[in-house]
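A look at the structure
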Amino acid sequence: MSEEKREVEIKIRELGVTFRDNSGNDVQALTGVNLEIYKGEFIALLGPSGCGKTTLLRSVADLQQPTTGDIHIQGQTPKEIRLQQKFGFVFQQPVLLDWRKVKKNIELPMEIMGYSKEERSKRADEMLEMVGLKEFANHYPRQLSGGMQQRANIARAFSLDPYVLLMDEPFSALDEFTKEKLYEDLLKAWRATNKTILFVTHNIQEAVFLSDRVCVLSPHPGRLSAVVDIDLPRPRTLEVKDTPHFTELVTKVRNSFEGGSV
Amino acid sequence: MKSKAFSQKILKILPAIVWTIILVGAWEIGATVVANHKRTPENILPHLYQIIAAIFSIKKVANGMTATQIVLTSAQATLLRALLGFALGALLGFVFALIMKMSGVVEKLIFPYLMLIQLIPVLGLAPIVLSITGDINKSRVLIAAILSFYPVATNTLAGFKSVEKEKYDLMYIYAAKKWMLYSKVLIPASIPYFFTGLKIAAPMAVTASILVDTLQGDGGLGCMLSQSLKHAMSIYVFWLIVLFSAFVGVFSGKVMGWLEMLVSPWKRTVNAKKKK
Ligand SMILES: Nc1ncnc2c1ncn2[C@@H]1O[C@H](COP(=O)(O)OP(=O)(O)O)[C@@H](O)[C@H]1O
Ligand SMILES: [Mg+2]
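In this text, all values refer to a predicted model and were calculated from it rather than measured experimentally.

A count of helices and strands for chain B gives 12 helices and 2 strands. Each helix (α) and strand (β) of chain B, taken in turn from the N terminus, gives the series α-α-α-β-β-α-α-α-α-α-α-α-α-α. Dimensions of chain B along its principal axes, counting C-alpha atoms only, are 75 × 65 × 30 Å. For chain B, the proportion of contacts with a sequence separation of at least 24, taken over those separated by at least 6, is 71%.

This is the structure we're talking about:
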């Protein structure tokens, strides 16, 4: 990775988000977050629950207004990027529309964008191929397993050729076998498309295995407490998890949580 | 595996069978008791076979028509009015639910009062509607519509509200226009709830139609019902109407279920999967 000429894609400056809870108290979900994310980078946002990971992701996606600071993506505001439909978002739950077949679900963002029918169909087929769901194009979501539903969710997020892919604990509800398969598929899709990915997780191994950099968040108040470079070689396969360097990095990330281990 | 599926099927219809046996048994015991104690038992509780025989009887009961002919002829008028009222009520119910969803103010203004409609008994409502419209046939349709309206409106609104926040977020991320949110997410999501409303409303529209018929005489099941009770014709006309109304009420709900399967193929697949 040649540091000199890497292009910054997302610039987060002094980001703070404060919520008012039901009893009228202010909750600082995030405070003073500064981060520059490069184009095509795979970033993991790691932290225990309640440390503001989702809030950070939602702020980038224009789903949440920052209380302080600002975010720029290719020099534009999140809202401007959103209005160009340049975000792909993968929720923790698949959020598929039950009454649409898998392929039609993947076409949804393209329908909103006003793509032609042929174009939608062609692109959806490519996406189905990419996530290995080709044979299930004409199934309804409820006929699929959780893992397959999540694949469809990912295919939909990739379908509009977004600048940035935002993923909020996409695999946390899946079993270990399905997860490992999806890791490889996600990395393959990422390599093929060269998207910038922000991947939220509370799983240290997952963060280290997938990402170029792990951004460690700590709670009360939510803040960015460390950024750990992951210099494992790419392309990565699951065997990398058995190397001593992987273990070292996991330990390093674990120790970077403020107040020691979690 | 196959025998397991079979026994599960049996288990599913078993309650229906048991209930049928209990009801038929109770009816027949009652009919036998009545037959032993009363002079004209068929006026109070005839045997089931007598009713069934009446369906196929070719004896002319009144106006040169058999009992079955009378029932079917008068049913035409009643069911047509019920259907018209039902369609009108369902349509208005859906539209109102949509308006309430789109405007929180309208919901707060209207929703609490919707329940009042439900609280007025049909027979209390009928004279009011009649005095407003001044036409018995219009009132009949209107009352079926009013009764259908409430379950459809409330269930459809519940359907709109059942849509999770993530679905809104999804549409927001892709900068979908408001009408797209409605046409692609909210309205399709409300359809199963809409049908729940229809399934409740359909038998109610039928019942209301028959009840309101009795108010004024000019054909219709309800009219025949009161006439037959006054012994203007064979008492079996009465029993046939009772049987027929019960059947139509249940059947109308079933038809809504079939209609739903027709318009929601995804429900079909889910049900098929569950059955396995
Ligand atoms: N809409 C909201 N209103 C009030 N408090 C919120 C809201 N969203 C998040 N919070 C609070 O902000 C903090 C961070 O939440 P979140 O970003 O969801 O954390 P994470 O995704 O890391 O689990 C939590 O304390 C949570 O209760
Ligand atoms: Mg979260």
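This part is about the domain arrangement of chain A. The domains assigned to chain A are domain 1 (8-86 + 164-255) and domain 2 (96-161). Relative placement of domain 1 of chain A and domain 2 of chain A: their C-alpha centres are 24 Å apart.

Before going further, it helps to spend a moment on the nonpolar core. Generally speaking, nonpolar side chains in soluble globular proteins are found buried as a group. In terms of nonpolar packing, the biggest core is built from 125 residues, with Leu-45, Leu-166, Leu-198, Phe-199 and Val-214 of chain A together with Ala-205 and Val-237 of chain B touching the most fellow members. By residue number, the principal contributor to this core is helix α9 (residues 178-213) of chain B, which donates 15 residues.

Once that is clear, we can look at the pairing of strand β2 (residues 26-38) of chain A. All names here are of chain A. Relative to β2, strand β1 (residues 8-20) runs antiparallel, the two sharing 9 bridges. Paired with Val-8 across the bridge in β2 is Tyr-38. The loop that links β1 with its antiparallel partner β2 comprises 5 residues; one of these, Gly-24, has a positive phi angle of about 85°.

So, about the site of ligand 1. Residue and element names in this part refer to chain A. Residues in close proximity to ligand 1 total 13 residues, the closest being Phe-19, Ala-29, Lys-53, Thr-54 and Thr-55. Taken together, the elements giving at least two residues each to the shell around ligand 1 come down to β2 and α1 (53-60). With 3 residues, the top contributor of residues to the shell around ligand 1 is α1. Each residue belonging to the shell around ligand 1 can be placed in one class, and the counts come to 4 nonpolar, 7 polar and 2 charged.

The next subject is the domain arrangement of chain B. Quoted interface sizes are often the accessible area lost when the parts come together. Examined at the domain level, chain B breaks down into domain 1 (1-45) and domain 2 (59-275). Each of domain 1 of chain B and domain 2 of chain B has a C-alpha centre, and the two are 29 Å apart.

All names here are of chain A. Pairing within the open sheet is antiparallel, and its 3 strands lie in the order β2-β1-β4. Here the strands that pair on one side only, and so sit at the sheet edges, are β2 and β4 (68-73). Taken pair by pair, the neighbouring strands of this sheet meet at an average axis angle of 15°, ignoring direction.

Another point: helix α11 (residues 235-263) of chain B. In an α-helix, one full turn covers 3.6 residues, which means residues spaced three or four apart are oriented alike. For α11 of chain B, which comprises 29 residues, the first-to-last C-alpha distance of 42 Å matches the rise-based estimate of 42 Å (1.5 Å per residue) to within 8%. The secondary structure elements touched by the buried residues of α11 of chain B are α3 (48-56), β1 (60-62), α4 (67-102), α9 and α10 (221-229) of chain B.

Residue and element names in this part refer to chain A. As a packed pair, helix α3 (residues 102-113) and helix α4 (residues 117-130) sit with axes 9 Å apart at the nearest point and diverge in direction by 125°. In terms of axis orientation, α3 runs oblique to α4. With respect to the hand of their crossing, α3 and α4 are arranged in right-handed fashion. Of α4, the residues touching α3 (which contributes Lys-103, Ile-106, Glu-107, Met-110 and Glu-111) are Arg-120, Arg-123, Ala-124, Met-127 and Leu-128. Broken down by class, the residue content of the contact of α3 with α4 amounts to 5 nonpolar, no polar and 5 charged.

All names here are of chain B. Packing of α10 against α11 leaves a shortest axis separation of 8 Å and a crossing angle of 145°. Regarding α10 and α11, the two cross each other, and that crossing is left-handed. Between α10, through Leu-221, Met-224, Leu-225, Ser-228 and Leu-229, and α11, the contact on the second element is made entirely by Ile-235, Val-237, Phe-238, Ile-241 and Ser-245. Split into classes, the residues belonging to the contact of α10 with α11 amount to 8 nonpolar, 2 polar and no charged.

In this section: the pairing of strand β8 (residues 213-218) of chain A. Residues and elements named next belong to chain A. In terms of strand pairing, strand β3 (residues 42-46) meets β8 through 4 bridges, oriented parallel. The residue bridging Ala-44 from the neighbouring strand is Val-214, located in β8. Inspection of the sheet shows β8 paired to strand β9 (residues 223-229) by 6 bridges, in the antiparallel sense. Bridge assignment links Arg-213 to a residue of β9, and that residue is Asp-229. Hairpin connection, β8 to β9: the antiparallel pair is bridged by 4 residues, and His-220 has positive phi, about 50°.

Before going further, it helps to spend a moment on unusual backbone geometry. Residue and element names in this part refer to chain A. The step from His-220 to Pro-221 runs through a cis peptide bond, and the omega angle for that step is -10°. Take Pro-221: it is sitting in the loop between β8 and β9. The omega torsion across Arg-234 and Pro-235 is -5°, close enough to zero to call that bond cis. With respect to the helices and strands, Pro-235 occurs in the loop between β9 and α8 (244-255).

What follows is about the sheet that holds β3 of chain A. Residues and elements named next belong to chain A. With mixed pairing, the 6 strands of this open sheet are ordered in space as β5-β6-β7-β3-β8-β9. Only two strands of the sheet have a single partner each, and these edge strands are β5 (87-90) and β9. Averaged over all neighbouring strand pairs, the angle between strand axes comes to 20°, with direction disregarded. In terms of strand pairing, β5 meets strand β6 (residues 164-168) through 4 bridges, oriented parallel. Looking across to β6, one finds that Val-90 is bridged to Met-167.

So, how was this worked out
Residues numbered from 1 in each chain as written. Chains lettered and ligands numbered in written order. Predicted model: local features only at pLDDT ≥ 70, side-chain atom pairs only at ≥ 80, totals over all residues. Helix = DSSP H or I, 4+ residues; strand = E, 2+ residues; numbered from the N terminus. Contact = placed C-beta atoms within 7 Å. Domains from an automatic or database assignment. Core = buried A, V, L, I, M, F, W, Y, C linked by C-beta atoms within 7 Å. Buried ≥ 20, exposed ≤ 12 C-beta atoms within 10 Å, placed from the backbone. Pairing = 2+ DSSP bridges. Near = placed C-beta within 6 Å. Nonpolar A, V, L, I, M, F, W, Y, C, P; charged D, E, K, R; others polar. Axes fitted to C-alpha atoms, helices over the stretch in contact; angles between N-to-C directions. Expected span 1.5 Å × (residues − 1). Parallel < 35°, antiparallel > 145°, perpendicular 65-115°, else oblique. Left-handed = near helix turned anticlockwise from the far one by under 90°.

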